[in-house]
Amino acid sequence: MIAVDTKIIVRLLTQDDAEQYQKAHRLFASNEIFIADSVILECEWVLRFAYQFDSEQINTAMTKLFGLPNVHLNHPALLAQTLAWHSQGLDFADAFHLAFSQHCKTFCSFDKKMIKAAKHIDGCKVVLP
């Protein structure tokens, strides 16, 4: 198994550099791939800010990537929850942090937009401190 960084994934998903895309594609075609949680969080940020992907494009790309049979994740269920909440309007990073905090009673934040967006979520409630 090999681990990949953000740039490998971004090249694979955007195909913005033909040579690097081919190398990334070959890696994914011939290896078991591990993607760290931190790489996933960084990929979303790069796709959103550098490539102007919208929420739907990000969720589609991540869902396809995570669904590859040779891709391995630390927390697939939590990442699936992240994508589900992101598709319901939560910021990706907020959804990520909240999904990884479901073992807690509350998630404290000063982010009123996050608190409002997370009202529909069962489990860990997002509240002002």
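Here the residue numbering is sequential within each chain, running from 1 through the sequence in written order. A pLDDT threshold of at least 70 governs which residues receive local features in this predicted model, and a stricter bar of 80 or more applies before side-chain atom pairs are shown or counted, although totals over entire chains, interfaces and linings include all residues. Water and hydrogen atoms play no part in the side-chain values, which are based on all heavy atoms of the structure.

Next up on the list: the environment of D91. Within the secondary structure, D91 sits in the loop between helix 5 (76–87) and helix 6 (92–99). Judged by relative accessible area, D91 falls into the partly exposed class, the value being 32%. In this structure, the C-alpha to C-alpha distance between D91 and S55, residues 36 residues apart in sequence, is 8.6 Å. Apart from residues lying up to four places away in sequence, D91 is in contact with R48 and H86. Think of a polar contact as two N or O atoms within 3.5 Å of one another; within protein, one of them needs to be a possible hydrogen donor and the other a possible acceptor, and neighboring residues in sequence only count if both atoms come from side chains. For D91, the side chain forms a polar contact with the main-chain nitrogen of A93, separated by 3.1 Å. Secondary structure elements follow DSSP: runs of H or I of four or more residues count as helices, runs of E of two or more count as strands, with numbering from the N terminus. In this scheme, a residue with accessible area under 20% of its type's maximum is buried, one over 50% is exposed, and one in between is partly exposed, where area comes from a 1.4 Å probe on protein chains only. Contacts: residue pairs with any heavy atoms within 4.5 Å of one another.

It is worth spelling out the sheet that holds strand 1 (residues 2–3) at this point. For two strands to count as paired, DSSP must find a minimum of two bridges between them. If you trace the three strands from one edge of the open sheet to the other, you get 1-2-3, paired in parallel fashion. The sheet is open, and its two borders are formed by strand 1 and strand 3 (71–73), each paired with just one other strand. With three bridges joining them, strand 2 (residues 33–35) and strand 3 adopt parallel strand pairing. Each bridged residue has a counterpart across the sheet, and for I35 the counterpart in strand 3 is L73.

A separate point is the packing of aromatic side chains. Geometry of aromatic contacts follows a simple scheme: Phe, Tyr and Trp rings, the Trp one being its six-membered ring, pair when their centres are within 6.5 Å, and the pair is stacked under 30 degrees between planes, edge-to-face over 60, tilted otherwise. Counted under the stated rule, the structure contains three aromatic pairs. Ring centres of W45 and F49 lie 5.1 Å apart, and the angle between their planes is 40°; on these two criteria the pair is classed as tilted. Of this pair, W45 and F49 are both found in helix 3 (residues 37–49), four residues apart, which corresponds to roughly one turn of the helix. Judged by its relative accessible area of 46%, F49 falls in the partly exposed class. Centroid distance F96 to F100: 4.6 Å. Interplanar angle 25°. Geometry classified as stacked. Overall, F100 belongs to the partly exposed group, its relative accessible area being 22%.

So, on to the nonpolar core. If you look at the biggest cluster of nonpolar residues, it comprises 25 residues, and the most contacted ones within it are I9, F28, I35, I40, M62 and F66. When contributions to this core are tallied by element, the ones reaching two or more residues are helix 1 (6–14), helix 2 (18–30), strand 2, helix 3, helix 4 (55–66), strand 3, helix 5 and helix 6. With five residues, the single largest contributor to this core is helix 3. Filtering out sequence-adjacent residues up to four positions away, F66 remains in contact with I40, V71, L73, L79 and L83. Listed in part, the twelve residues of the second largest apolar core include A95, I115, C124 and V126. Nine residue types can take part in a nonpolar core, namely buried Ala, Val, Leu, Ile, Met, Phe, Trp, Tyr and Cys, and a core is a set of them joined through side-chain atoms within 4.5 Å.

Another aspect to go through is the pattern of salt bridges. We define a salt bridge as a contact between a side-chain nitrogen of Lys or Arg and a carboxyl oxygen of Asp or Glu at a distance within 4 Å. Evaluation of the coordinates by the stated rule reveals three salt bridges. Two residues, R48 and E44, come together in a salt bridge whose shortest N-O distance is 2.6 Å. Taken together, the residues R48 and E44, both in helix 3 and four residues apart, mark about one turn of the helix. Overall, R48 belongs to the partly exposed group, its relative accessible area being 27%. Classification of E44 as buried rests on a relative accessible area of 1%.

This part takes up the layout of surface pockets. Empty space within the largest pocket amounts to approximately 190 Å³. For the lining of the largest pocket, the elements supplying multiple residues, two or more each, are helix 3, helix 4, helix 6 and helix 7 (112–117). With three residues, the single largest contributor to the lining of the largest pocket is helix 7. Three categories are distinguished: nonpolar for Ala, Val, Leu, Ile, Met, Phe, Trp, Tyr, Cys and Pro, charged for Asp, Glu, Lys and Arg, and polar for the others, with Gly belonging to the last. The class makeup of the residues in the lining of the largest pocket is six nonpolar, three polar and seven charged. With a 1 Å grid spanning the protein atoms alone, the term cavity applies to any set of points in which a 1.4 Å probe fits but cannot get out, the term pocket to an open set with protein on both sides within 12 Å along at least five of seven lines, and the term lining residue to any residue with an atom within 4 Å of a point. Grid points are joined across faces, edges and corners, and a volume is the space filled by probe spheres set on the points.

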